[in-house]
Amino acid sequence: MTAPGGGAGPGWLAVIDMQRVFAEPDSPWRAPRFGQITGRVAALAGWFAPRVTFTRFIAPDRPRGGWQDYYRQWPFALRPPGARLYELADGIGAPGGATLDATTFSKWGPRLAGQAGPGGRLILAGVSTDCCVLCTALAAADDGIRVQVVGDACAGTTDTSHAQALDIMRLYGPLIEVVSSADLLGLADAGPGPDAGD
């Protein structure tokens, strides 16, 4: 497989924080267009499988430093990792229920680094574009990873902040590239997924 922008190799897809807390209408953290990206995210996950990691944002047991002020602003979110609001949303399923959980906006760390591989390629989809997707992309790019953000498979806290976050990430080219799901899935003739022939 040859990636858009000239990068070769299958890459690794990270589905960022597709959780109920960002999906449900009564959630203070709802991403309004969450439901509109679910189908694209599921299609990408199916195509990249098994080279996929599903992440979750969870609250720490005891917030420290600036996070104390953060959770004073959002006390509803101080729940254990198993709370319903932190479950993956309907239509999004991690194989075997395994997820990469983090109490930070960025999900980049040793596990994703090992999966992407040295000098590898990380593909990002999910929510929210202007928070956890952005933070993960910048951290991975800073570590020398080629990052592709699937713009139409991400949703922001607002349409404006979504567009602004994508524009910010475009400033980091060629380390970060904003692509579409059609770029990766190849429209109607996508062919086999990246695991084919491995």
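Summary of the structure given here.

How each quantity is defined
- Residues numbered from 1 in each chain as written.
- Predicted model: local features only at pLDDT ≥ 70, side-chain atom pairs only at ≥ 80, totals over all residues.
- Heavy atoms only, no water.
- 1 Å grid on protein atoms, 1.4 Å probe; cavity = no way out; pocket = protein on both sides within 12 Å on 5 of 7 lines; lining within 4 Å.
- Points joined across faces, edges and corners; volume = space filled by probe spheres on them.
- Helix = DSSP H or I, 4+ residues; strand = E, 2+ residues; numbered from the N terminus.
- Nonpolar A, V, L, I, M, F, W, Y, C, P; charged D, E, K, R; others polar.
- Expected span 1.5 Å × (residues − 1).
- Contact = heavy atoms within 4.5 Å.
- Buried < 20%, exposed > 50% of the residue type's maximum accessible area, 1.4 Å probe, protein only.
- Pairing = 2+ DSSP bridges.
- Right-handed = clockwise from strand over helix to strand, strands pointing away.
- Polar contact = N/O pair within 3.5 Å; in protein donor to acceptor, adjacent residues only side chain to side chain.
- Core = buried A, V, L, I, M, F, W, Y, C linked by side-chain atoms within 4.5 Å.
- Axes fitted to C-alpha atoms, helices over the stretch in contact; angles between N-to-C directions.
- Phe/Tyr/Trp six-rings, centres within 6.5 Å; stacked < 30°, edge-to-face > 60°.
- Disulfide = S-S within 2.5 Å.

**A word on the layout of surface pockets**
There is about 240 Å³ of room inside the largest pocket. As for the largest pocket, its lining consists of 14 residues, of which Phe-22, Trp-29, Tyr-70, Ser-128 and Thr-157 are closest to the centre. At three residues, helix H5 (residues 129-142) tops the list of elements feeding residues into the lining of the largest pocket. Split into classes, the residues belonging to the lining of the largest pocket amount to 10 nonpolar, two polar and two charged.

**Description of helix H6 (residues 159-170)**
If you check H6, its first and last C-alpha atoms are 17 Å apart, about what 12 residues at 1.5 Å a residue would give, namely 16 Å. Those residues of H6 hidden inside the fold are in contact with H5, strand E5 (146-155) and strand E6 (176-179).

**Digging into the pairing of E5**
Of all the 10 residues making up E5, eight are buried; the element is thus mostly covered by neighbouring parts of the structure. Pairing between strand E4 (residues 121-127) and E5: six bridges, direction parallel. When the sheet's bridge partners are listed, Ile-123 is paired in E5 with Gln-148. Pairing between E5 and E6: four bridges, direction parallel. Considered in E6, the bridge of Val-149 is made with Val-178. Note on the crossover from E5 through H6 to E6: the handedness is right-handed.

**Brief notes about the side chain of Lys-107**
Note that Lys-107 resides in the loop between strand E3 (100-102) and helix H4 (110-116). Separated by 2.9 Å, the side chains of Lys-107 and Asp-17 make a polar contact. Leave out the neighbours within four places in its chain, and Lys-107 touches Ile-16, Asp-17, Thr-55, Arg-56, Phe-57, Leu-100, Ala-102, Leu-112, Cys-132 and Thr-136.

**Considerations on the nonpolar core**
Leu-13, Leu-44, Tyr-86, Leu-124, Val-147, Val-149 and Met-169 are the most contacted members of the largest nonpolar core, which has 60 residues in total. Looking at which element gives the most residues to this core, the answer is helix H2 (residues 34-48), with seven residues. Residues in contact with Leu-44, not counting those within four places in the same chain, are Leu-13, Ala-125, Val-150, Ala-153, Leu-184 and Leu-185.

**A few points about the sheet that holds E3**
Pairing within the open sheet is parallel, and its six strands lie in the order E3-E2-E1-E4-E5-E6. Each edge of the open sheet carries a strand with a single partner, namely E3 and E6. For this sheet the average axis-to-axis angle between neighbouring strands, irrespective of direction, equals 25°.

**Overview of the packing of aromatic side chains**
Counted under the stated rule, the structure contains 14 aromatic pairs. With 5.9 Å between their ring centres and 65° between their planes, Trp-29 and Phe-57 make a pair best called edge-to-face. Of this pair, Trp-29 sits in the loop between helix H1 (20-23) and H2 while Phe-57 sits in strand E2 (residues 52-57); the two residues are 28 residues apart in sequence, bridging distant segments of the chain. The class for Phe-57 is buried, based on a relative accessible area of 1%. With 6.4 Å between their ring centres and 80° between their planes, Trp-74 and Phe-76 make a pair best called edge-to-face.

**Remarks on the side chain of Ser-181**
Note that Ser-181 resides in helix H7 (residues 181-185). According to the relative accessible area criterion, Ser-181 is buried, its value standing at 9%. Not counting the four nearest positions on each side in its chain, Ser-181 is found in contact with Arg-40, Val-150, Asp-152 and Gly-186.

**Quick notes on the state of the cysteines**
All chains considered together, the criterion is met by zero disulfides. Cys-132 takes part in no disulfide bond, and the closest cysteine sulfur, belonging to Cys-131, lies 4.1 Å away. Note on Cys-135: no disulfide assigned, nearest cysteine sulfur contributed by Cys-131 at a separation of 5.3 Å.

It is worth stressing that arrangement in space is one thing and function is another; only the former is reported here.
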